[in-house]
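# Close look at the chain arrangement
Listed below are the residues making up each chain.
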Amino acid sequence: MKRTNRDRRRFLKQGAAVAGLVATPQALELAGGSAAAAAQTVVDHNALESVLYGKRSRFVTTTREVEGRSHSEQTLIRPHPHRPSARTPLAELTGTITPTPLHFTTQHHYGIPDINPDEHTLRVEGLVDRPLVFTMDELRRLPFVSRVYFLECVGNRPNPRAETVTGTHGRMGCSEWTGVPLSVLLDEVGLRDAASWIVAEAADGGKHTKSIPLGKALDDVLVAYGQNGEPVRPDHGYPLRLVVPGFEGIYNVKWLKRIKVVDQPYLSFQEHSRFLTPNPKTQRDAYDFGPNSVITQPSGGQELQAHGAHVISGLAWSGSGAVRKVEVSTDGGATYREAELAGPVLPKAHTRFYLPWRWNGEEAVLQSRCLDERDQLQPTEAEYARYWNLTRGQLYGTVQSQLGHCNWIQPWKVGRDGKVTNGLEPVDVVVDVHA
Ligand SMILES: Nc1nc2c(c(=O)[nH]1)N[C@H]1C(S)=C(S)[C@@H](COP(=O)(O)O)O[C@H]1N2
Ligand SMILES: [Mo]
């Protein structure tokens, strides 16, 4: 296998040299690989192009994972077959920051607009004293902050039918966001007394629109133009997006063009009764994601190569603040041990945890649970179902956006052969928000 690859690479190099051209798609096809995979093999790290904009090693081929069957079955409307959404390959990542090109992306039906920042403006109006229109240049001249926050789609859910952690939790990422606190802009325009909500609107074809309580808007919401040190990329909202820390991803309006200050939530297309009427059972948690965690290593689809020393590692986060503690079980939740937190523990951000573990070759069920700074503990599937009075059939047969925040524990089972599989009891049907 290795030899074949090397032969292919030599073929590609020679072919390109003889023709004096970059390998054509036909040549790549001839070489037997997919165009994308083969293109990886001709990266010259000393080429000016590679030096101008860094390239990764050709031995690193991790990509996002395009949202499932919607794209093979073109008749399904959601999401649009030619405007793919994609998940973060969580098992391949280290640390807490999601590399921007691997950060999951969701664009519903309308695709990614190509916006010229010189022509883009943000209008702030409604129940204000001085409605204002900001150009990108004007926004960049205002006070700004850089903050690390996770961004998670409500579509994430432990899932007995998913084979990997990308399948269960790949609709999330964590970035350092840079931008103007929305409170600064609202201060500039001056709020009228009746102001109690804001409505944020996008410049995409679908005018993605979300209502956000004013208290949140004045708290920690950012109007962001930077992600991980560079401009927000087109798939994440270039040139401007809202970052609404700890809230569901859908609030984080990309390609932001208008903020209207209002006195009640607007029932836009993206709204849902659950977003607008806080559930008395959860009170202030109606918007914030609760405590959550998942083991990424080892996780579904991986294989332990040897008995002995391993490290169990994963991510923990909470929309309500910082992670206080993560515990890991290797016996399906019968006993837990406290994990180490490996690095910065920031509010509403991914926190990396690990626990050294010796695998003795026996079956093991690995799972983690997160306790957040408000002493909220991540529930098991049974605890979650009991609390909401749902059967397992309802847990997995209800679309996530109606169910709420699906933060119950996802176990992974290690077999005697070292293979890691899903540790949840099987179910026949899982209804998915993107299916
Ligand atoms: N304009 C616009 N903003 C949007 C969306 C969209 O379709 N259009 N999708 C929302 C949803 S459902 C999610 S989960 C996040 C995803 O952000 P990302 O693509 O940067 O990961 O963007 C939100 N903001
Ligand atoms: Mo989402």
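The structure displayed is predicted, hence computed values, not measured ones.

## Remarks on the overall build of the protein chain
Helices and strands together make up the secondary structure of the protein chain, namely 12 helices and 21 strands. By the burial criterion, 49% of the 435 residues in the protein chain qualify as buried. Pairs at least 24 residues apart make up 70% of the contacts formed inside the protein chain by residues separated by at least 6 positions. Summed over its atoms, the accessible surface of the protein chain is roughly 20800 Å², and 52% of this surface lies on carbon and sulfur atoms.

## A word on helix α7 (residues 182-189)
Spacing of three or four residues puts side chains on the same side of an α-helix, whose turn is 3.6 residues. Restricting attention to buried positions, one finds in α7 the residues L182, L185, L186 and V189. Along α7, the residues classed as buried sweep out an arc of 95° about the axis, all on the same side. Downstream of α7 by one or two residues, G190 has phi in the positive range, about 75°.

## As for the environment of G173
Topologically, G173 is positioned in strand β6 (residues 172-181). Each C-alpha atom, one on G173 and one on L102, is 8.4 Å from the other, the two residues being 71 residues apart in sequence. Setting aside residues no more than four positions away along its own chain, G173 makes contact with T98, H103, F104, Y149, F150, L151 and H350.

## Topic: the pairing of strand β15 (residues 323-329)
Of all 7 residues in β15, 5 are buried, a share of seventy percent or more. Summarising the sheet, β15 and strand β19 (residues 364-372) pair through 6 bridges and their orientation is antiparallel. From the neighbouring strand, V328 faces β19, where its bridge partner is S368. Sheet topology places β15 next to strand β16 (residues 337-338); 2 bridges connect them, and they run antiparallel. By the bridge assignment, E327 is partnered in β16 with E338.

## A look at the confidence of the model for the protein chain
The predicted model of the protein chain averages 87 in pLDDT, with 83% of residues at 70 or higher. Every residue in residues 1-35 is under pLDDT 50, and counting partners more than four places away or in other chains gives 20 contacts. Note on residues 70-78: pLDDT under 50 across the span, and 23 contacts to partners over four residues away in sequence or across chains.

## Some thoughts on the packing of aromatic side chains
Per the stated rule, a full pass over the model turns up 9 aromatic pairs. Pairing Y251 with Y287 gives two aromatic rings, centres 6.3 Å apart and planes at 85°, and the pair type is edge-to-face. Remark: Y287 occurs in the loop between α9 (273-276) and β13 (291-297) and Y251 occurs in the loop between β11 (241-243) and β12 (256-262); sequence separation between them is 36 residues. Exposure class is identical for Y251 and Y287. Each is buried. An aromatic cluster is defined as three or more aromatic residues linked by ring pairs; in this entry it consists of Y384, Y387, W388, Y396 and W408. Across the ring face of Y251, the terminal group of K210 is positioned such that the distance to the ring centre comes to 4.2 Å.

## Comments concerning the pattern of salt bridges
Enumeration according to the criterion identifies 20 salt bridges in this entry. Between E201 and R258 there is a salt bridge; the shortest N-O distance is 3.2 Å. With a gap of 57 residues between them, E201 in strand β7 (residues 197-202) and R258 in strand β12 connect regions that are remote in the sequence. R258 gets classed as partly exposed once you look at its relative accessible area, which sits at 24%. With its nearest N and O atoms 2.9 Å apart, the salt bridge here joins D220 to K348. In this pair, D220 is assigned in the loop between α8 (214-219) and β9 (222-227) and K348 in the loop between β17 (340-341) and β18 (351-359), connecting sequence segments 128 residues apart.

## Structural notes on the nonpolar core
Within the largest apolar cluster, 35 residues are counted, with the highest numbers of intra-cluster contacts made by L122, L182, L185, L242 and I259. Within the residue set of this core, elements represented by two or more residues are β3 (121-126), α5 (136-140), α7, β7, α8, β9 and β12. When residues of this core are assigned to their parent elements, the largest contribution, 5 residues, is made by β7. In this view, L242 contacts A200, I212, V221, L222, V223, Y251, N252, V253, L256 and I259; residues no more than four positions away in its chain are not counted.

## Remarks on the sheet that holds strand β21 (residues 420-422)
The strand order β16-β15-β19-β20-β21 describes an open sheet built from 5 strands, whose pairing is antiparallel. Only two strands of the sheet have a single neighbouring strand rather than two, namely β16 and β21.

## A few points about the environment of D432
Among the secondary structure elements, D432 is positioned in the segment after β21. Counting along the chain gives 32 residues from D432 to Q400, while the straight-line C-alpha distance between them is 6.9 Å. Setting aside its immediate chain neighbours within four residues, D432 contacts R157, R171, V399 and Q400. A polar contact of 3.2 Å, which involves the side chain of D432, links it to the side chain of Q400.

## A word on the site of ligand 1
Not every one of the 20 residues close to ligand 1 is listed here, only the nearest: F104, H108, H236, R241 and K254. Within the side chain of K254, one N or O atom sits 2.5 Å away from an oxygen atom of ligand 1. Summarising the interface, the protein chains cover 99% of the accessible area of ligand 1, which totals 530 Å² for the free molecule. When grouped by side-chain class, the residues that make up the shell around ligand 1 number 7 nonpolar, 9 polar and 4 charged.

## Side note on unusual backbone geometry
For the bond from Y238 to P239, the omega torsion is 5°, close enough to zero to count as cis. Examined against the element boundaries, P239 turns out to sit in the loop between β10 (230-231) and β11. In this structure, P298 follows Q297 across a cis peptide bond, with omega equal to -5°. By the secondary structure assignment, P298 is in the loop between β13 and β14 (308-318). For K207, which is not a glycine, the phi torsion comes out positive at approximately 50°.

Reading guide: rules and limits
Just so you know, the residues in each chain are numbered from 1, in the order the chain's sequence is written. Ligands are numbered from 1 and chains lettered from A, in the order in which they are written. The model is predicted, so local features are restricted to residues of pLDDT at least 70 and side-chain atom pairs to those at 80 or more, both for listing and for counting; the totals for chains, interfaces and linings are taken over all residues. The side-chain values count all of the structure's non-hydrogen atoms but skip hydrogen atoms and water molecules. In this description a helix means any DSSP run of H or I spanning at least four residues, a strand means any run of E spanning at least two, and both kinds are numbered starting from the N terminus. For each residue, the accessible area found with a 1.4 Å probe, counting protein chains only, is set against the maximum for its type, and the residue is called buried under 20%, exposed over 50%, and partly exposed in between. Should any heavy atoms of two residues lie within 4.5 Å, those residues are considered in contact. All accessibility values rest on the Shrake-Rupley procedure with a 1.4 Å probe; residue burial counts only the protein chains present in the view. Here the arc refers to the set of directions running from the helix axis out to each C-beta atom. A pair of strands is labelled paired if DSSP reports no fewer than 2 bridges between them. pLDDT is a residue-level measure of predictor confidence that goes from 0 to 100. The criterion for an aromatic pair is that two Phe, Tyr or Trp rings (for Trp, the six-membered ring) have centres within 6.5 Å, with stacked assigned to planes under 30 degrees apart, edge-to-face to planes over 60 apart and tilted to the rest. Placement of a positive charge over a ring is assigned whenever Lys NZ or Arg CZ falls within 6 Å of the ring centre and within 35 degrees of the normal to the ring plane. Salt bridge criterion: a side-chain nitrogen from Lys or Arg within 4 Å of a carboxyl oxygen from Asp or Glu. Residue types Ala, Val, Leu, Ile, Met, Phe, Trp, Tyr and Cys, when buried and joined through side-chain atoms within 4.5 Å, form a set referred to as a nonpolar core. Counting of polar contacts relies on pairs of N or O atoms within 3.5 Å, with two restrictions inside protein: one atom must be capable of donating a hydrogen and the other of accepting it, and residues adjacent in sequence are counted only when both atoms are side-chain atoms. We call a residue near a molecule or strand whenever a single non-hydrogen atom of that residue lies within 4 Å of it. Lys, Arg, Asp and Glu make up the charged group, whereas Ala, Val, Leu, Ile, Met, Phe, Trp, Tyr, Cys and Pro make up the nonpolar group; the residues left over, Gly among them, are polar.

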